[in-house]
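# Understanding the architecture of this molecule
So you can see what is in the structure, the chains are spelled out below.
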Amino acid sequence: MTAPSESPADTGARRADEYLQLLADGRSEDAEALLTGLTDVRELVFLGAGLTTRARRTGRTLPTAMRAQASARQVLLGQLRDRNRFDLDGLRSWLREAAAEVQTVQRLAEAARQRLGDQASAG
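The text that follows walks through the structure, step by step, so that each part is easy to find. Counting restarts for each chain, with residues numbered from 1 along the sequence as it is written. Totals for whole chains, interfaces and linings use all residues, but because this is a predicted model, local features are given only for residues with pLDDT of at least 70 and pairs of side-chain atoms are given and counted only at 80 or more. With hydrogens and water excluded, all non-hydrogen atoms of the structure serve as input to the side-chain values.

### Digging into helix H4 (residues 64-83)
Secondary structure counts use DSSP, requiring at least four H or I residues in a row for a helix and at least two E residues in a row for a strand, with both numbered from the N terminus. In this scheme, a helix's expected span is set at 1.5 Å multiplied by one less than its residue total. For H4, built from 20 residues, the straight-helix expectation of 28 Å at 1.5 Å per residue is met to within 8% by its first-to-last C-alpha distance of 29 Å. The classification of residues rests on relative accessible area computed with a 1.4 Å probe and restricted to protein chains. Under 20% of the type maximum is buried, over 50% is exposed, and intermediate values are partly exposed. Among all positions of H4, only Met 66, Ala 70, Gln 74, Leu 77, Gly 78 and Leu 80 are buried. For H4, the arc enclosing every buried residue in end-on projection is 155°, short of the 170-degree limit, so these residues lie on one face. Projecting away from the buried face of H4 at angles above 90 degrees are the exposed residues Thr 64, Ala 65, Leu 76 and Arg 83. By construction, the arc corresponds to the directions joining the helix axis to the C-beta atoms.

### Remarks on the environment of Arg 85
Here Arg 85 shows up in the loop between H4 and helix H5 (88-122). Note: C-alpha distance between Arg 85 and Val 45 (40 residues apart in sequence) is 8.9 Å. Whether two residues are in contact is decided by their heavy atoms: any pair within 4.5 Å suffices. Leave out the neighbours within four places in its chain, and Arg 85 touches Val 41 and Leu 91. Here a polar contact is taken to be a pair of N or O atoms separated by no more than 3.5 Å, where protein atoms must pair a possible hydrogen donor with a possible acceptor and residues adjacent in sequence count only if both atoms sit in side chains. Polar side-chain contacts of Arg 85 include one of 3.3 Å to the side chain of Asp 82.

And the structure:
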């Protein structure tokens, strides 16, 4: 009996995590190589879905105004994806922007947690 293969969604989520980790480690050339190595629209879209899921999940933890801004940026990213639906280089550009959004939302969430922690200890 063989183990079930990884679903495309799971593969995309794993690649999204890998891509973000490469960026966090300052390995931008390796991150770019990961994107360049994906030559199928479907692979790129599933990686993007992984990035989108992560950004939206983190965005839901933000204070209301920041959450609204993050949601608006997600709409713009969706439009960028749609404009580049069949263009591999365009989709890679969308993925770079989506990864930058994940990093931004993570920084905002961390700043909000620290600010709330500071307010709790001051009160």
